[in-house]
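# Analysis of the macromolecular model
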Amino acid sequence: MHRVPSLGLYLLIAFTIFFYGAQNAAFAQTPSQKPPLVRVELIAEKASIAPGDTVTVALRQTIRPRWHTYWSNPGDSGEPTQIHWKLPEGVSAGPIQWPVPHAIPVGPLMNFGYSDEVVLLTDIIVPQTISGAALDIAADVKWLVCEEICVPEEASVRLSLSLLGGTVSPRPSPHASVISAARKKLPEPAPWAATFHARADGVALKVENSGGRIPADAKIHFFPLEWGKIENAAPQIAAFEDGKLLMRLAPGELAASAGAAPLSGVLAVETRGPDGSLERRGYSMSAAPSELPIAMPATTAQLIPAEPPESLSLALALGFAFLGGLILNLMPCVFPVLSLKAFSLARDAGDGRRRRAKGLVYLGGVLASFAAIGIAIVALRTGGSVIGWGMQFQSPTFVLAMMALFLALALNLSGVFIIGSSVAGLGDGLTRRAGLAGYFFTGVLATVVATPCTAPFMGAAIGYAFTQPAPTVFAVLLALGLGFALPIVLLSLSPALGRWMPKPGMWMETFKQLMAFPLYATAGWLLWVLSVQQGSDGVVAGLITLLGVAFAAWLLGRTQDMASLRGSVAALVAFAAIGLGAASLPATAPQGASFTARGDATGGPVAERFTSARLAELVGQNKPVFVNLTAAWCITCKVNERVALRSESVAAAFATRGIVYLVGDWTNRDPEITALLTTHGRAGVPLYLLYSGLPNAAPEILPQFLTEGMVLSRIAGLAPPPNQQAKGDL
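None of these values were measured; they are calculated from a predicted model.

### A few points about the overall build of the protein chain
- Of regular secondary structure, the protein chain possesses 19 helices and 24 strands.
- Looking at the 730 residues of the protein chain, the share that counts as buried comes to 48%.
- Long-range pairs, those at least 24 residues apart, make up 77% of the contacts in the protein chain with a sequence separation of at least 6.
- In the form shown here, the protein chain has an accessible surface area of approximately 32200 Å², with 61% of it arising from carbon and sulfur atoms.

Below, the structure is given as structure tokens:
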């Protein structure tokens, strides 16, 4: 996986740039100072000027090899050059005229800037009333120059031009040719109309190109003027249709909040002449938003949805959601909680009214929880956020809190302390007094612990709902909740089912304590999730929290006869432990923390990290690809990997057929993975895509529960791909 970085990562990178730059700047003040990385000078197009004239001056930067400075929009990191003019009274300076930039990849990021030499032009306007023998122009210049580290540099530059009077004509400067050449590198206004249409899986840009000035074999890149409108590091797909240029751009973090604002930028076009010389031109353009969809080029097969969300009707989505909810009850996190509730209902075999009330209250807790999820989804989507099922587990703080909750529940079942009936409803107190409230909160708890899981049928239904209006979102989620609550509700409403339950007895206490161990295992699993998200720092934070919660539970158990004190003291200790653990988490995940290479160590096929660029490259070369979108907190994913994907037989089949195995880890937020999920009508992991290697073939979506035989059967059914040369990128 990696990622195209979130805003927090960008801020971290910016801080790192500043820190290292400041450190190098401090060294620059010492007598052993090295030569600057960028040499600057101020030059003019004319050696002399007259009152009322306009002269073009230029800041020429000569940059050390392998280093670069930045464009007006530096991309994912960096800082543009700044010029602070010092001019005589009445003299004014226009804006910097930026040449067409180059794309500069830096790890997972993409920056925009210049290497070797760049000439930044500015027009100086001289008033008619100016007097004197010379015009003195000065400026303080600051810039950031980067290679593996970034160094901020600055300089003061000066220039004096003769000021002529009367009818004397201004004289050209020796640097006139340099400035003339720099003008040719400026983008010219685009002579064509342009529109764009943004949607969840991409931004479609259409340029009319009526004059035919963009050759079909040109290399094209769009540079946005503003950060966040598009994903800078994502591949840009370009194609021509009926004389129009169509481009597919990945949406950036601010794309959804941009509203009806134009998409402005520079379209860079590179062509080669008959003699092989490279010609590079730029066109400044402002694309107007279009309410009508724009067909996007599908030059790579991964852009073709295998199962478009539109193919699913509302009725089918409701049915899929209901069936998926039923299957969710079998998840290992949920089963211990629900099994205790089932046996608690068995105690009320002789009190049908109370048993029915418990079941209906539990149903209310489940439906209220799914309704709350629906409200959050609609609110986040309205605010422009990209949403996905189980994405709350991408927050290390949420994982930490859930880990503490599961440990507390497990310690309660083990008898370390006793929860009264006013808490979440585990233990004997549920059958007395306020036990109905316990069933309501059991429904809430069961919903929360089920959210990292996706069941068969459920993925398509949720993916469909997340693209529909708010009423459909709520309808599908409530259908999912009905299916999820159905087993307990049926058990509470049906006397016949109640008679099949075992008779109450002392064995139930043993069973209750036995059910603590799956919850201990769940707490340990969440600690492992923290380690994947945050590395060793996450383990330290988790251990602090677990130790504090265990101490609070022990303290509560030791002071059971001090009812007025036990709750406040134990709760204070528990919340302090969670708070201290959360404070111990690093602000950002370490790079690559959530990806673990698979291969010989696990017995499965060797894996590469998923990126949209790598997938586009492989599919463009007509190679078979197996994409596994997974997450450390997804139990279904981990079971599938252990049962179906980590075997010598599967590894041998991958190797024999030349299948490339790409793993996209969604444990931490990753916009590229989210975009691929959306493209194929899914809102969460797991998602398994099998590309056959045939040109323009849509991938097959495999079921959400895999077996080794199923994977081998799908691989055996692949047709041998034709021997075709890979097409180059546009």
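Past the structure itself, the notes keep going.
### Observations concerning the state of the cysteines
- Considering all chains together, one arrives at two disulfides under this definition.
- Two residues share a disulfide in this structure: cysteine 634 and cysteine 637, whose sulfurs sit 2.3 Å from each other. Disulfide cysteine 634-cysteine 637: the torsion about the S-S bond is 80°, which places it as right-handed.
- The exposure class of cysteine 634 is buried, given its relative accessible area of 0%.
- Given the relative accessible area of 0%, cysteine 637 is considered buried.

### Structural notes on the side chain of histidine 221
- With respect to the helices and strands, histidine 221 occurs in strand β15 (residues 219-224).
- Side-chain polar atoms of histidine 221 contact the side chain of glutamine 236, separated by 3.4 Å.
- Those residues within four positions of histidine 221 in sequence are excluded, and the remaining contacts are Ala103, Gln236, Val266, Leu267 and Ala268.

### Quick word on the confidence of the model for the protein chain
- Here the protein chain averages 77 in pLDDT, and 74% of its residues register 70 or above.
- Across residues 1-32, where pLDDT falls below 50, the model places 58 contacts with residues more than four positions away in sequence or in other chains.

### Structural notes on the pairing of strand β16 (residues 237-241)
- Here five bridges tie β16 to strand β17 (residues 244-249), and the two strands are oriented antiparallel to one another. Across the sheet, residue isoleucine 237 finds its bridge partner in β17, namely arginine 248.
- In textbook terms, the turn of a hairpin is the stretch between consecutive antiparallel strands, and for β16 and β17 this stretch comprises two residues, one of which, aspartate 242, has a positive phi near 55°.

### Concerning the nonpolar core
- Core analysis: the biggest nonpolar cluster contains 56 residues, and Leu615, Val627, Trp633 and Val685 have the highest contact counts within it.
- Ranked by residue count, the leading element in this core is helix α6 (residues 396-413), at eleven residues.
- Counting residues in each nonpolar core, the second largest holds 38 residues, with Val100, Tyr114, Ile124 and Val126 among its members.

### Re unusual backbone geometry
- Here the phi dihedral of aspartate 116 falls at roughly 65°; this positive angle occurs in a residue that is not glycine.
- Inspection of the secondary structure puts aspartate 116 in the loop between β8 (109-115) and β9 (117-125).
- For asparagine 622, which is not glycine, the phi torsion reads 60° and is therefore positive.

### Quick notes on the pattern of salt bridges
- This model, assessed by the stated rule, comprises 13 salt bridges.
- The salt bridge partner of arginine 66 is glutamate 147, with a shortest N-O separation of 3.5 Å. One end of the pair, arginine 66, is in the loop between β3 (54-63) and β4 (68-75); the other, glutamate 147, is in the loop between β10 (134-146) and β11 (150-163), with 81 residues separating them in the sequence.
- The class of arginine 66 is exposed, set by a relative accessible area of 69%.
- Overall, glutamate 147 belongs to the partly exposed group, its relative accessible area being 31%.
- The closest approach of N and O atoms between glutamate 608 and arginine 614, which form a salt bridge, is 2.9 Å.
- Taken together, the salt bridges that share partners define one network made up of Glu608, Arg614 and Glu617.

### Quick notes on the sheet that holds strand β22 (residues 660-665)
- Pairing in this open sheet of five strands is mixed, and the strands run β20-β22-β21-β23-β24 from one edge to the other. The open sheet is flanked by β20 (607-609) and β24 (700-701), the only strands paired with a single partner.
- In the sheet, strand β21 (residues 625-630) pairs with β22 via six bridges, with the strands oriented parallel. Bridging from a neighbouring strand, valine 627 pairs with leucine 662 of β22.
- Strands β21, β22 and β23 (687-691) of the sheet are contacted by helix α16 (residues 635-645), whose axis makes an angle of about 145° with β21.

### Structural notes on the packing of helix α17 (residues 648-657) against helix α19 (residues 708-716)
- Where α17 contacts α19, the two axes come as close as 10 Å, and the packing angle between them is 10°. Put simply, α17 runs roughly parallel to α19. For the pair formed by α17 and α19, the contact residues are Ser649, Val650, Ala653, Phe654 and Arg657 on the first element and Glu708, Val711, Leu712, Ile715 and Ala716 on the second.
- Looking at the contact of α17 with α19, its residues break down into seven nonpolar, one polar and two charged.

### Some words on the sheet that holds strand β6 (residues 92-93)
- Strand order across the open sheet formed by four strands is β1-β3-β9-β6, with antiparallel pairing between neighbours. Only two strands of the sheet have a single neighbouring strand rather than two, namely β1 (38-44) and β6.
- Two elements, β1 and β3, share seven bridges in a ladder whose sense is antiparallel. Bridge pairing links glutamate 41 to arginine 60 in β3.
- Across the face of the sheet, helix α2 (residues 176-184) comes into contact with β1, β3 and β9 while running at roughly 100° to β9.

### Considerations on the packing of aromatic side chains
- Counted by the stated rule, this structure contains eleven aromatic pairs.
- Aromatic pair phenylalanine 112 and phenylalanine 223: ring centres 5.1 Å apart, planes at 85°, arrangement edge-to-face. One end of the pair, phenylalanine 112, is in strand β8; the other, phenylalanine 223, is in strand β15, and 111 residues separate them in sequence.
- The buried category is assigned to phenylalanine 223, whose relative accessible area is 1%.
- Taken together, a centroid distance of 6.3 Å and an interplanar angle of 35° make the contact between phenylalanine 626 and tyrosine 688 tilted. Residue phenylalanine 626 is found in strand β21, and its partner tyrosine 688 is found in strand β23; the two are separated by 62 residues along the sequence.

Parameters at a glance
- Residues numbered from 1 in each chain as written.
- Predicted model: local features only at pLDDT ≥ 70, side-chain atom pairs only at ≥ 80, totals over all residues.
- Heavy atoms only, no water.
- Helix = DSSP H or I, 4+ residues; strand = E, 2+ residues; numbered from the N terminus.
- Buried < 20%, exposed > 50% of the residue type's maximum accessible area, 1.4 Å probe, protein only.
- Contact = heavy atoms within 4.5 Å.
- Areas by Shrake-Rupley, 256 points an atom, 1.4 Å probe, with all protein chains shown as cover.
- Disulfide = S-S within 2.5 Å.
- Polar contact = N/O pair within 3.5 Å; in protein donor to acceptor, adjacent residues only side chain to side chain.
- pLDDT = per-residue confidence, 0-100.
- Pairing = 2+ DSSP bridges.
- Core = buried A, V, L, I, M, F, W, Y, C linked by side-chain atoms within 4.5 Å.
- Salt bridge = Lys/Arg side-chain N within 4 Å of Asp/Glu carboxyl O.
- Axes fitted to C-alpha atoms, helices over the stretch in contact; angles between N-to-C directions.
- Parallel < 35°, antiparallel > 145°, perpendicular 65-115°, else oblique.
- Nonpolar A, V, L, I, M, F, W, Y, C, P; charged D, E, K, R; others polar.
- Phe/Tyr/Trp six-rings, centres within 6.5 Å; stacked < 30°, edge-to-face > 60°.

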